[in-house]
Amino acid sequence: MRQESASPTSHLRVRHHRGHTVLEFRGEIDIASAAEIAPHLDRETVRSGARVVLDLGGIEFFDCSGLRLLYRARSQVLDRGGQVHLVCAHPLTLRMLRITGLARLLPPWPTLDEALDVSRPAGPRTGR
């Protein structure tokens, strides 16, 4: 079930879909937008047992400030017993995730549906 979304900033849209909070990053994610996004990200990721999807499908630019946001969200969700998944198909962003090692900690999925499907118990991922 999809619920109405809120856009707390022009760079972040929050919506609920299939029992998850989907945080859609949009536009240019740099040091200025990261400072704007951080309080909203924290509000959604510090709840106990949160089920969060970080969706980078709407980004145009993503620097190390964005990487810090992803790592912060991952840590906060996992520290409180939740689940976190990443959606990213942009080749340059995927490269940055791999180079920094964040892709090992937060494996990217190409679509929201695939990320949501991993929340269900399943066999090992193949073809990636």
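Residues numbered from 1 in each chain as written. Predicted model: local features only at pLDDT ≥ 70, side-chain atom pairs only at ≥ 80, totals over all residues. Heavy atoms only, no water.

> Would you mind going over the overall build of the chain in detail, with residue names and values included?
On a plain count of helices and strands, the chain comes out with five helices and six strands. For the chain, the α and β elements follow one another from N to C terminus as β-β-β-α-β-α-β-α-α-β-α. Within the chain, the fraction of its 128 residues that count as buried is 48%. For the chain, contacts bridging at least 24 residues in sequence account for 60% of all contacts bridging at least 6. Just so you have it, the chain exposes about 6900 Å², and 53% of that area is on carbon and sulfur atoms. (Helix = DSSP H or I, 4+ residues; strand = E, 2+ residues; numbered from the N terminus. Buried < 20%, exposed > 50% of the residue type's maximum accessible area, 1.4 Å probe, protein only. Contact = heavy atoms within 4.5 Å. Areas by Shrake-Rupley, 256 points an atom, 1.4 Å probe, with all protein chains shown as cover.)

> Outline the environment of aspartate 63, listing residues and values.
Of note, aspartate 63 is situated in the loop between strand S4 (51-62) and helix H2 (64-79). Note on aspartate 63: relative accessible area 19%, which makes it buried. Between the C-alpha atom of aspartate 63 and that of isoleucine 29, which follows or precedes it by 34 residues, the distance is 6.5 Å. Apart from the residues lying within four places of it in its own chain, the contact partners of aspartate 63 are Ile29, Asp30, Ile31 and Met96.

> Which residues make up unusual backbone geometry, and what values do they have?
Despite not being glycine, arginine 18 has its phi angle at roughly 50°, a positive value. Secondary-structure assignment places arginine 18 in the loop between strand S2 (12-17) and strand S3 (20-29).

> Requested: an account of helix H1 (residues 31-45), with residues and values cited.
Helical geometry note: an α-helix holds 3.6 residues per turn, so side chains three or four residues apart project in the same direction. The end-to-end C-alpha separation of H1 is 20 Å, in line with the 21 Å expected for 15 residues at 1.5 Å each. Where H1 bends most, the angle comes to about 40°, and this point is isoleucine 37, followed within four residues by the proline proline 39. Every buried residue of H1 is accounted for by Ser33, Ala34, Ile37, Ala38, His40, Leu41, Asp42, Glu44 and Thr45. Looking at the packing, one finds that the buried side of H1 touches strand S1 (6-9), S2, S3, S4 and H2. With a side-chain oxygen lying 3.2 Å from the backbone nitrogen of alanine 32, the N-terminal cap of H1 falls on aspartate 30. (Expected span 1.5 Å × (residues − 1). Bend = angle between axes of the 7 residues up to and from the residue. Polar contact = N/O pair within 3.5 Å; in protein donor to acceptor, adjacent residues only side chain to side chain.)

> Give a detailed account of helix H3 (residues 91-100), specifying residues and quantitative values.
Those residues of H3 lying buried are Thr93, Leu94 and Leu97. End-on, the buried residues of H3 take up no more than an arc of 100°, which puts them together on one face. Of the residues in H3, the exposed ones pointing more than 90 degrees away from the buried face are Pro91, Leu92, Arg95, Arg98 and Ile99. Buried-residue contacts for H3 involve S4, H2, strand S5 (83-87), helix H4 (102-105) and strand S6 (108-109). Two residues or fewer after H3 comes glycine 101, characterised by a positive phi angle close to 90°. (Arc of directions from axis to C-beta.)

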